[in-house]
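Listed here are the chains, written in short residue letters.
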Amino acid sequence: MTESPKYSALLQQLDERSAAFRSAIATAPSLDAPVPSCPEWTLFDLVQHLGTGQRWWAAIVAAGPAEAPPAKDTAEAPREVEALLAWYAESSDLLLGALRKAGPERECWAWWRAGVSPANAWGVARRRVHEVLVHTYDAQLAADAVQPMPAGLAIDGVAEFLDTCNSTPAAWPHKAATVHYHATEGRSWLLSLDGTGAWPAPLTDDAAPASVSATGTAEELLLFIWGRLTLNDLRIEGDKQVFEHLIAWEPEE
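Residues numbered from 1 in each chain as written. Predicted model: local features only at pLDDT ≥ 70, side-chain atom pairs only at ≥ 80, totals over all residues. Heavy atoms only, no water.

Enquirer: Please provide a residue-by-residue account of the pairing of strand E1 (residues 177–183), values included.
Expert: In regular strands, side chains alternate between the two faces of the sheet. Only one face of E1 is buried, namely the one carrying Ala177, Val179, Tyr181 and Ala183, since none of Thr178, His180 and His182 on the opposite face is buried. Sheet topology note: the E1/strand E2 (residues 188–194) ladder contains six bridges and is antiparallel. In the sheet register, Tyr181 faces E2, and the bridge partner there is Trp189. Hairpin connection between E1 and E2: a loop of four residues separates the two successive antiparallel strands, and Gly186 in this loop has a positive phi of roughly 110°. Pairing analysis gives five bridges linking E1 to strand E4 (residues 212–216), with the strands arranged parallel. Bridging across to E4, Tyr181 finds its partner in Ala214. (Buried < 20%, exposed > 50% of the residue type's maximum accessible area, 1.4 Å probe, protein only. Helix = DSSP H or I, 4+ residues; strand = E, 2+ residues; numbered from the N terminus. Pairing = 2+ DSSP bridges.)

Enquirer: If you had to explain the pattern of salt bridges to someone new, which residues and values would you point to?
Expert: In this structure the tally under the stated criterion is eight salt bridges. In this structure, Arg228 and Asp138 form a salt bridge, with 2.7 Å as the shortest nitrogen-oxygen distance. Within this pair, whereas Arg228 is found in the loop between helix H6 (218–225) and strand E5 (235–238), its partner Asp138 is found in helix H4 (residues 121–142), the two being separated by 90 residues in sequence. Using a relative accessible area of 19% as the deciding quantity, one classes Arg228 as buried. Between Glu237 and Arg235 there is a salt bridge whose closest N-O contact spans 3.6 Å. The class for Glu237 is partly exposed, based on a relative accessible area of 45%. Three or more residues are tied together by salt bridges with common partners; here these are Arg126, Asp156 and Asp163. (Salt bridge = Lys/Arg side-chain N within 4 Å of Asp/Glu carboxyl O.)

The following block contains the structure:
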């Protein structure tokens, strides 16, 4: 199957981010090191979480359209560093192989199927790129060796989070509001919250001012929406309570 250039680039990003994750783990002082951004987790727990996720999504993509996902493999990963890194590399290869074989349009189960992101291999690949991207930050933080994220990847990460995690038909349980995210690199996004749910909305010149806005680099915005940074790490204008409600919201569809 011939891959589209965009899909091939997405798979390359997934491979590159997985390599960066392995590098962070390999240079860490100990697998028992705590992960400050993931309370109660050690680096070993982080690797097991991400590797198990890669294997699970590989099985999901391979299964194709389904009403429910296959069961997760709950076997514990090896605890010796080299064996653990090899296990994680195999996990990533399994996912990449499944994605390449499926092609971008192959439908599959996805927990975000009622949102904006497509429930197909392309949607899975994009989600996993950013899952690995953020967990690489977690690993680097634990190893005291944080490196800047690629700006373009962080920009897409904000958009992907809004398309996937912040798009739902579950009714917003508070007063209707809009949230404006502005990256200092020159990109902006708008999230609409009302009785129809939460949806990314187009930015237009005649749009009313947002209820609240957050400004920072794309990396800072991405880490904020993933819960790694706080409101104090960004420039906030408007009704801060909207963000507080959004952070606490757990919609049921």
